[in-house]
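The lines below spell out each chain.
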Amino acid sequence: MQDKAVDVAVVGATGAVGNMMIRVLEERSFPVGKLRLLASARSVGKVLSFHGRGIAVEELREDSFAGLQLALFSAGAGVSRKFAPIAAQHGCVVVDNSSAFRMDAQIPLIVPEVNREAIDVSSGIIANPNCSTIQMVVALKPIYDAAGIKRIIVTTFQAVSGTGQKAIEELRRQVKALNSGEQASWQVYPHQIAFNCLPHIGAFLDNGYTEEEMKMVNETRKIFNDERIGVAATTVRVPVYYGHSESVNIETRRPVTVDRVRQLLSSAPGVKLIDEPSEKLYPMPIDCAGQDDTLVGRIRKDPSVENGLCLWVVADNIRKGAATNAVQIAEVLVERGLI
Ligand code: A2P
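Predicted model, so just to flag it, every value in this text is computed and none were measured. The residue count restarts for each chain, going from 1 along the sequence in the order it is written. With the structure being a predicted model, the display of local features is reserved for residues of pLDDT at least 70 and the display and counting of side-chain atom pairs for 80 or more, all residues being used for whole-chain, interface and lining totals. Excluding hydrogens and water, the side-chain figures rest on all heavy atoms present in the structure.

This part covers the domain arrangement of the protein. As assigned here, the protein comprises domain 1 (6–128 + 322–335) and domain 2 (133–317). Counting residues at the interface gives 18 residues for domain 1, matched by 17 residues for domain 2. Buried surface at the junction of domain 1 and domain 2, summed over both partners, amounts to about 1500 Å²; 64% is from carbon and sulfur atoms. Whenever a carboxyl oxygen of Asp or Glu lies within 4 Å of a side-chain nitrogen of Lys or Arg, that contact is scored as a salt bridge. Our count for the domain 1 to domain 2 interface comes out at two salt bridges. Residues Glu219 and Arg102 are paired through a salt bridge, measuring 3.2 Å at the closest nitrogen-oxygen approach. Each domain span listed reflects an automatic or database assignment of domains. Residue contacts follow a heavy-atom distance rule, with two residues in contact if any of their heavy atoms lie within 4.5 Å. A 1.4 Å probe defines the accessible area here, and the buried area is the portion of it lost by two parts on being joined, summed over both.

Dropping the structure here:
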C-alpha cells in the first residue's frame, strides 16, 4: 500500500454498517488522512472514536465532500441517490453500500475476490453488492472458475443487523419482553421477529419474489458477468443478531468432485473451509461474527441432478457483507493509484 494518505468520508457513520466501516478502516490500517463522519442532523453532537481519537459527527450536506478523495456510503438508497453523484462531482470516489446504483450498467458492482478486474472509477461511483450476494459469490467463485455454474438455488437465513441498528434493538426488546411474560410489539418488521422466521425481506414484487431475492439473481449475474446463470432465491429473516447463513444448491456445467471442491475452497481467497461433520464442525453465525472470511461447509453431492452440489455458507453480514467489502474495494483503488 502506498504511503499517501487518503481523505475519507463515512456517510451513515452512526449506523450499524457505517460504524463498522470506521472499525475496519482502523483495523486494516487503511491510510486515512482526514476523516469526516457524516449522518443526519439528528446525530450532530455525537462523537465517534477512530484510532483512539474523538471525531464529531457532522450533518451530511452538499458541500461535505470538498477536498476528499473517498466516500464510503451506507445511509440508504435515497441518501445515495441524492449525495453520491454530488460527491463524485467533487472528484471524490464513492463506494456505495446501498442498492441505488448496483444494477446501473455504467457502475461496477464489485467483490474483490471475484471481479476486481471490473473496478473502474470513470463514473465516480462503485457499488458494493447486497450482503447475501457477496458471501455467496465469494464461496462460488472457485467452483465457477473450475466447472462453470448453470443454476443456483439458494435459501438464506439472514440476521437482523442487516436491517440496521433499529432492528437489532427491536429483537433485543422482543426477547426481553417475551422472556418476562410480556407481549412483544414491533415497528421495524411486519411481524414479531423473536423466536420466528419471516420469509419476507424487502418489498414483494409482481413476480412473487421479494426485492432481496431478485437482488441475489441480478447481482450474481452482474458480478460473474454471466447472464446465463439461473438463480432462484428464498430470503428469510431469522432471529440472529449477526451473521447470514445460506443453503446453496448448485448445478455446475462440468463435473467436479466434492473432494476437488473442498481442495479449491481450502485455498480460495476470503474463504475458510469448516467441513468436518464427524467432529460436528460446520459454519455457524455465532462463529462468523467479527470475522472477515466467508465460512463454507456441509459440502456434499446433490444426487438429484447430474452435476449437483450442496453447500452451507456463513459470513458476518456487517463485515464481509458490507463494511469489509467496501474497504477492500477502497484498498484496490489505493493500490492502483485511482484515488
Ligand atoms: P442517523 O443516525 O443520524 O439517523 P442504520 O442502517 O443502522 O439504521 O443506519 C443508517 C445510517 O444512515 C445512520 O448513520 C443514519 O444517521 C444515516 N442516515 C439516515 N438518513 C439520513 C439522511 N437523510 N442524511 C444523512 N444520514 C442519514
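Resuming the write-up.
Burial along strand S3 (residues 47–50) is one-sided: the residues Leu48 and Phe50 are buried and none of Val47 and Ser49 is. For two strands to be treated as a pair, DSSP must find no fewer than two bridges joining them. Per the convention used, a helix needs a DSSP run of H or I reaching at least four residues, while a strand needs a run of E reaching at least two, with both numbered from the N terminus. Pairing geometry for S3 and strand S4 (residues 53–59), over four bridges, is antiparallel. Across the sheet, the residue bridging to Ser49 is Gly54, located in S4. The loop that links S3 with its antiparallel partner S4 comprises two residues; one of these, His51, has a positive phi angle of about 50°. Only protein chains enter the accessibility calculation, which uses a 1.4 Å probe. A residue is then buried if its area is under 20% of the maximum for its type, exposed if over 50%, and partly exposed in between.

The next point concerns the pattern of salt bridges. If you walk through the whole model with that rule in mind, you get 18 salt bridges. A salt bridge links Arg23 to Glu26; the shortest N-O distance between them is 3.4 Å. Taken as a pair, Arg23 and Glu26 lie in helix H1 (residues 16–27) at a separation of three residues, close to a single helical turn. The exposure class assigned to Arg23 is partly exposed, which follows from its relative accessible area of 26%. Taking the relative accessible area as the measure of exposure, Glu26 reaches 19% and is therefore buried. Beyond isolated ion pairs, a larger network of salt bridges with shared partners links Glu27, Arg28, Asp292, Arg319 and Glu331.

On to the packing of aromatic side chains. Between rings of Phe, Tyr and Trp, where Trp is taken as its six-membered ring, a pair exists when centres lie within 6.5 Å; planes separated by under 30 degrees are stacked, by over 60 edge-to-face, and by other angles tilted. In the structure shown here, the tally under the stated rule is three aromatic pairs. Residues Tyr144 and Phe224 carry aromatic rings whose centres are separated by 4.5 Å and whose planes lie at 20° to one another, so their mutual orientation is stacked. Taken together, the residues span a long stretch of sequence, with Tyr144 in helix H4 (residues 131–147) and Phe224 in helix H6 (residues 211–224) at a distance of 80 residues. An identical accessibility class is assigned to Tyr144 and Phe224; each is buried. Lysine NZ or arginine CZ positioned within 6 Å of the ring centre and within 35 degrees of the ring normal marks a charge as sitting over the ring. Taking NZ or CZ as reference, Arg172 lies 5.3 Å from the ring centre of Tyr241, over its face.

With that settled, the discussion passes to the sheet that holds strand S11 (residues 271–273). The sheet built from six strands is open, its strands ordered S9-S8-S10-S13-S12-S11 with mixed pairing. The sheet terminates laterally at strand S9 (230–237) and S11, the two strands that pair on one side only. Mean inter-strand twist for the sheet, computed between neighbouring axes without regard to direction, equals 25°. In this structure, strand S8 (residues 149–158) lies alongside strand S10 (residues 244–252), joined through eight bridges in antiparallel fashion. To get an axis, fit a line to the C-alpha atoms, keeping to the stretch in contact for a helix; angles then go from 0 to 180 degrees between the N-to-C directions.

For the rest of this paragraph, the subject is the site of the ligand. In these notes, residues near a molecule or strand are those with any non-hydrogen atom within 4 Å of it. Neighbouring residues of the ligand: 16 residues in total, closest Thr14, Ala16, Ser40, Arg42 and Ser43. Counting of polar contacts relies on pairs of N or O atoms within 3.5 Å, with two restrictions inside protein: one atom must be capable of donating a hydrogen and the other of accepting it, and residues adjacent in sequence are counted only when both atoms are side-chain atoms. Contact between the ligand and Gly12: an oxygen atom at 3.1 Å from a main-chain N or O atom of the residue. In this structure, an oxygen atom belonging to the ligand sits 3.0 Å away from a main-chain N or O atom of Gln165. By residue class, the composition of the shell around the ligand is six nonpolar, eight polar and two charged. A domain split of the shell around the ligand shows at least three residues from each of domain 1 (6–128 + 322–335) and domain 2 (133–317). Residue type decides the class: Asp, Glu, Lys and Arg count as charged, Ala, Val, Leu, Ile, Met, Phe, Trp, Tyr, Cys and Pro as nonpolar, and the leftover types, Gly among them, as polar.

At a minimum axis distance of 8 Å, the contact between H4 and helix H9 (residues 319–335) shows a crossing angle of 85°. By the angle between their axes, H4 is roughly perpendicular relative to H9. Between H4 and H9, the residues in contact are Cys131, Ile134 and Val138 and Lys320, Gly321, Ala322 and Asn325, respectively. Classifying every residue of the contact of H4 with H9 by side-chain character gives four nonpolar, two polar and one charged. For classification, angles of less than 35 degrees are called roughly parallel, those exceeding 145 degrees roughly antiparallel, those between 65 and 115 degrees roughly perpendicular, and all remaining angles oblique.

Next up on the list: the nonpolar core. Throughout, nonpolar core names a set of buried Ala, Val, Leu, Ile, Met, Phe, Trp, Tyr and Cys residues whose side chains join them through atoms within 4.5 Å. Counting residues in hydrophobic clusters, the biggest one holds 56 residues, and the most contacted among them are Phe65, Phe73, Leu140, Ile152, Val248, Ile250 and Leu311. With nine residues, H4 is the largest single contributor of residues to this core. A domain-level breakdown of this core finds at least three residues from each of domain 1 (6–128 + 322–335) and domain 2 (133–317). Excluding residues within four positions of it along the chain, Ile250 makes contact with Leu140, Ile143, Ile149, Arg151, Ile152, Asn307, Gly308, Leu309 and Leu311. Membership of the second largest hydrophobic core comes to 38 residues, among which are Val32, Leu37, Leu72 and Val95.

What follows is about a nonpolar patch on the surface. Together, Tyr282, Met284 and Ile286 make up a nonpolar patch on the protein surface, roughly 300 Å² of accessible area in all. As for its position among the elements, Ile286 is in helix H8 (residues 285–288). The exposed category is assigned to Ile286, whose relative accessible area is 71%. A patch consists of residues whose relative accessible area exceeds 30% and which take part in no salt bridge; residues with like charges are grouped when within 9 Å of each other, and nonpolar side chains (Val, Leu, Ile, Met, Phe, Trp, Tyr) when within 5 Å. Using a 1.4 Å probe, the Shrake-Rupley method yields the accessible areas, and only the shown protein chains count as cover for residues.

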